[in-house]
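Observations on the model geometry
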Amino acid sequence: MIDSTYREWFRLRTQLVVNLTWCSATKIDDVLAAYAISPESTQPARFLADDVDMFIGRLGKGTVIMDYRVDSTTDQALPILAQYGPCLSATWIDHAPAMVSYRTESGLVVEFDRLEWDWYPVPDLASVEQWIAASPAGREIWENSCDLATLITAEALCQAVVDDEWMRSVHTGVTSPDPLGQEMPSAPRTLSAIIDKYGDRTP
């Protein structure tokens, strides 16, 4: 079971990731197709060792997608990815709304800010609270540590976790990916760019 020590370890290594997505039943090629990323934009890569705009790795029977781009196209890709199996996606970087969404082949189940559940919940707050209570983390952990709850839910989804061995392994890096087939340069990984897109959530 994921605990607070793992949460701190994971958070430290992924602090520059803008968006994290766990897909329970996709392959690397499925992800590239959903994002319309050409093979020419990919390269073998190790996490924290290679400079890429997106990092995609097999995890359990599915994949984990770590997107460093502020202008991510994950929202457009998720309906495609969820056709293979449930997907959990979370905005991961600080100073932005901590949005989390859960999709299945039937569509979007819930979407909410994991710090403020009543901040534009989809479809509504009652549905979000019901999903949270039934999730592998349970309501208490979501209330006390939303990052930990997200990771516990992701572990249950993929039946696997990112660990040291995964970090050392070679996965798929994407440089300057084209958002759903449209040419666009890589977005800057700066705090000001992130705040411009999401708004500043600091107290």
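Just so it is clear, the structure is predicted and the values come from calculations on it, not from any experiment. (Residues numbered from 1 in each chain as written. Predicted model: local features only at pLDDT ≥ 70, side-chain atom pairs only at ≥ 80, totals over all residues. Heavy atoms only, no water.)

**Brief notes about the overall build of the protein chain**
What counts is decided by this rule: Secondary structure is summarised from DSSP: a helix means a run of H or I of at least four residues, a strand means a run of E of at least two, and numbering begins at the N terminus for each. The classification of residues rests on relative accessible area computed with a 1.4 Å probe and restricted to protein chains. Under 20% of the type maximum is buried, over 50% is exposed, and intermediate values are partly exposed. Residue contacts follow a heavy-atom distance rule, with two residues in contact if any of their heavy atoms lie within 4.5 Å. Note on areas: Shrake-Rupley, 1.4 Å probe, and residue coverage restricted to the protein chains presented here.
From N to C terminus, the protein chain includes eight helices and eight strands. Out of the 203 residues belonging to the protein chain, those deemed buried represent 50%. Contacts spanning at least 24 positions in sequence make up 67% of the contacts within the protein chain whose residues lie at least 6 apart. About 9700 Å² of surface is accessible on the protein chain, with carbon and sulfur atoms providing 50% of the total.

**Comments concerning the packing of helix α2 (residues 28–35) against helix α3 (residues 74–81)**
The relative placement of two packed helices comes down to the angle between their axes together with the axis-to-axis distance. This is how it is decided: Only the stretch in contact is used when fitting a helix axis, every axis being a line fitted to C-alpha atoms; angles between N-to-C directions are given from 0 to 180 degrees. Working definition: roughly parallel below 35 degrees, roughly antiparallel above 145 degrees, roughly perpendicular at 65 to 115 degrees, and oblique for all remaining angles. Take the far helix as the reference: if the near one is turned anticlockwise from it by less than a right angle, the crossing is left-handed, and if turned clockwise, right-handed.
In contact at an axis separation of 8 Å, α2 and α3 are set at 130° when each is read in the N-to-C sense. Classified by the angle between their axes, α2 and α3 sit oblique to one another. Handedness of the crossing formed by α2 with α3: right-handed. Side by side, α2 and α3 meet where D30, V31, A34 and Y35 of the first sit next to T74, A77, I80 and L81 of the second.

**Examining the sheet that holds strand β1 (residues 19–23)**
Worth spelling out the cut-off: At least two bridges found by DSSP between two strands is the condition for calling them paired.
Within the open sheet, the eight strands sit side by side as β2-β8-β3-β4-β1-β5-β6-β7. Their pairing is antiparallel. For this open sheet the edge positions go to β2 (42–45) and β7 (107–113), each flanked by a neighbour on one side alone. Neighbour to neighbour, the strand axes of the sheet diverge by 20° on average, direction disregarded. Note that strand β6 (residues 99–104) and β7 share six bridges and pair antiparallel. Paired with M99 across the strands is D113, a residue of β7. Where α2 meets the sheet, it contacts β2, β3 (54–59), β4 (62–67) and β8 (171–174), and its direction lies at approximately 145° from that of β3.

**Overview of the confidence of the model for the protein chain**
Low pLDDT means the predicted atomic positions in that stretch should not be read closely. Short version of the rule: Values of pLDDT, which run from 0 to 100, indicate the predictor's confidence residue by residue.
Per-residue pLDDT for the protein chain has a mean of 88; in total, 86% of the residues score no lower than 70. Confidence, expressed as mean pLDDT per element, reaches its minimum in the protein chain at helix α8 (residues 191–198) with 52 and its maximum at helix α4 (residues 125–134) with 98. Confidence over residues 179–191 falls short of pLDDT 50; this stretch has 25 contacts with residues more than four positions distant or in other chains.

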